Amino acid sequence: MRIATLVLATQLAAAAAGASEPVDLDLVTRIRDEGFRRSQVMSFAAHLTDRIGPRLTGSPAMATANAWTLETLTKLGLANARLEPYRFGRGWSWSRCALDLTGESGQSLVAIPQGWTPGTKGPVEGDAVRIVATIPEELAKEKGKFKGKFVLVSPARGVEPNEKVPFRRYSDEELRAEGLFPVPKEKDVDEWPEKLRNRVAFRDALDAFLVEEGALGILEVGSRDGGILRVPRGGEPVDASPKKIPAVLVMTEHYNRLVRLVDAGETVRLRLDVGATFHEGDGMAFNVIAEIPGRGKPDELVIAGAHLDSYQSGTGGADNAAGVAIMMEAVRIVKALGIQPKRTIRIALWSGEEQGLLGSFAYVDQQFASRPPWPESEWTKPSILRAKTGPLSFKPAHARVSAYFNADHGGGKIRGIYLEENSAARPIFEAWIEPLRDLGVSTVSLQQTGSTDHVPFDRVGIPGFQFIQDPMDYFSQTHHSNLDTFDHLHSDDMRQAAVVVATILVHAANREEMLPRKPRPKE
């Protein structure tokens, strides 16, 4: 009985806190009217995907995306629109990729260049062979086998019957589960960084070995089947310029045929033509920043962000033209309604996210909290393997950020928000989403979610939040794949998401106090 009484008292206290949080219902009504009836969200997404296309950081297309979003935000009436630079390294782009199995049983094979691979400088032909080595020490045993050859570096990938529905929305039961907080496990030794170091070391050794051998190219199997080509994370480490050979990712069903033929002792003759360009320049990349200035507390910030860059496989629709378009539409709604928020609402469109959240980490480092700079030796490593250089130093602006909100889970409807274990914020968000429940927004979760641009903010103690969105076909089909195009975005979902974001941004900006913070992270 006493336990039940305590639980009831806790629930009543939370309800009372939520009830005391002001919600401007007139404002909610106006935002819904503007966002549902005069939306530009799909127009924003279409321009990024169809007109600009794949947007790798450091590529000419990314520069075009930076310029277009900067111009568009300015036309929407936002102030202080600017590009903020950070060190990235050389850029890369590709213009063509043709892989053919020649001969009487020939076939055009579906393939995509790996990021930061050199081109072939015209079509090249050679036989396909397999390599057995999996660690650098085994490479010497295979010396002399690869001159003038295409090297199959992956085993065949099994194709199992897929009984899962590729397109889905959260059920009520799944949303209730998202709202539960699983007790964190005690921290064990994390073996993942060491595994990554070993994988990077082997790939660098393999590239150098095959260059010395005179191989023509590397073929690697995709991680999906059913015609989906999903490229692996990232690209060449920043500022590293090791010798490389052309490398392509091949559709599973086509790659497996090559492996079977080679294993059967057949001669497998291939022709590869890859057009790729490195963009040296000054090695700088840019984040796009613009603002709706606050009236009353203009030095305090509410930040809305999404990453503008994408992979080379598709046109970056769900990942992440969707998030960019949602955030741009949210600030358009605020400006169109003539809302003058107390705090400044800042929009940030990041680059370098796909290489390890580089743009948002650099921005947080420049503006809010930083560590001593990396020595030059660290710049040749993947960003996630660079060592911490010292304790955090907090800047004055750190204390003036109320919250950062991120959109990077595709184009599905927003169903709630992850609070990153910020319990004090829970009753506030529960009050804010109450008038949005008829739109399907119901879940305020204390769970953490990672691998996107709220992480740099959260890691330095700034409240950083990621929205819960319907999965759609994001992880099943489009994420980092050749299917990530405008066709997988849906107007009803995108408009709903922008309305929800605009509502949350304005309430955060107009709140009397800044949002509560968790304790600063321990070093």
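Quick notes on the rules
- Residues numbered from 1 in each chain as written.
- Predicted model: local features only at pLDDT ≥ 70, side-chain atom pairs only at ≥ 80, totals over all residues.
- Heavy atoms only, no water.
- Pairing = 2+ DSSP bridges.
- Helix = DSSP H or I, 4+ residues; strand = E, 2+ residues; numbered from the N terminus.
- Axes fitted to C-alpha atoms, helices over the stretch in contact; angles between N-to-C directions.
- Contact = heavy atoms within 4.5 Å.
- Parallel < 35°, antiparallel > 145°, perpendicular 65-115°, else oblique.
- Left-handed = near helix turned anticlockwise from the far one by under 90°.
- Nonpolar A, V, L, I, M, F, W, Y, C, P; charged D, E, K, R; others polar.
- Buried < 20%, exposed > 50% of the residue type's maximum accessible area, 1.4 Å probe, protein only.

> Would you take a moment to explain the sheet that holds strand 11 (residues 297-307) for this structure?
Hydrogen bonds between backbone atoms are what pair the strands of a sheet, whose relative direction is either parallel or antiparallel. With mixed pairing, the eight strands of this open sheet are ordered in space as 1-10-12-11-15-18-16-17. Edge strands, defined here as strands with exactly one partner in the open sheet, are strand 1 (79-87) and strand 17 (443-445). Neighbouring strand axes in the sheet, compared pairwise and without regard to direction, differ in orientation by 25° on average. With seven bridges joining them, strand 1 and strand 10 (residues 284-292) adopt antiparallel strand pairing. When the sheet's bridge partners are listed, Ala-79 is paired in strand 10 with Glu-291. In the packing of helix 4 (residues 60-75) onto the sheet, the strands contacted are strand 1, strand 10 and strand 12 (343-350), and the crossing angle to strand 10 comes to about 10°. Sitting on the sheet, helix 9 (residues 358-367) touches strand 1, strand 10 and strand 12, and the angle it makes with strand 1 is about 105°.

> Just to check I follow, could you spell out the pairing of strand 6 (residues 149-152) for this structure?
Regular strands show a simple pattern: their side chains alternate between the two faces of the sheet. Looking at chain direction, strand 5 (residues 124-130) and strand 6 are connected through four bridges and run parallel. Along strand 6, the bridge assignment pairs Asp-127 with Lys-149. In the sheet, strand 6 pairs with strand 7 (residues 217-221) via three bridges, with the strands oriented parallel. Bridging across to strand 7, Val-151 finds its partner in Ile-218.

> What exactly am I supposed to notice about the packing of helix 3 (residues 41-52) against helix 4 here?
What describes two packed helices is the angle between their axes and the distance between those same axes. Where helix 3 contacts helix 4, the two axes come as close as 11 Å, and the packing angle between them is 155°. By the criterion of interaxial angle, the relationship of helix 3 to helix 4 is roughly antiparallel. Seen from above, helix 3 lies across helix 4 with right-handed handedness. Between helix 3 and helix 4, the contacting residues are Phe-44, His-47, Leu-48 and Ile-52 on the first element and Ala-61, Thr-64, Ala-65, Trp-68, Thr-69 and Thr-72 on the second. Of the residues contributing to the contact of helix 3 with helix 4, the split by class is six nonpolar, four polar and no charged.

> So what exactly am I meant to see when it comes to helix 9 here?
Because an α-helix packs 3.6 residues into every turn, residues spaced three or four apart end up facing the same way. All of the buried residues in helix 9 are Leu-358, Gly-359, Ser-360, Ala-362, Tyr-363 and Val-364. Taken together, the buried residues of helix 9 touch strand 1, strand 10, strand 12, strand 13 (369-370) and helix 11 (455-459).

> Help me understand the environment of Leu-308 in this model?
Within the fold, Leu-308 resides in the loop between strand 11 and helix 8 (317-336). Since its relative accessible area comes to 0%, Leu-308 is described here as buried. Spatially, the C-alpha atoms of Leu-308 and Asn-66 are 8.1 Å apart, while their sequence positions differ by 242 residues.

> Before we go on, may I ask you to explain the packing of helix 3 against helix 8 in this structure?
Packing of helix 3 against helix 8 leaves a shortest axis separation of 8 Å and a crossing angle of 140°. It follows from the interaxial angle that helix 3 and helix 8 lie oblique. When you trace helix 3 past helix 8, the crossing you get is right-handed. Here helix 3 contributes Val-41, Phe-44, Ala-45, Leu-48 and Thr-49 to the contact with helix 8, which in turn contributes Gly-317, Ala-321, Val-324, Ala-325, Ile-326, Met-328, Glu-329 and Arg-332.

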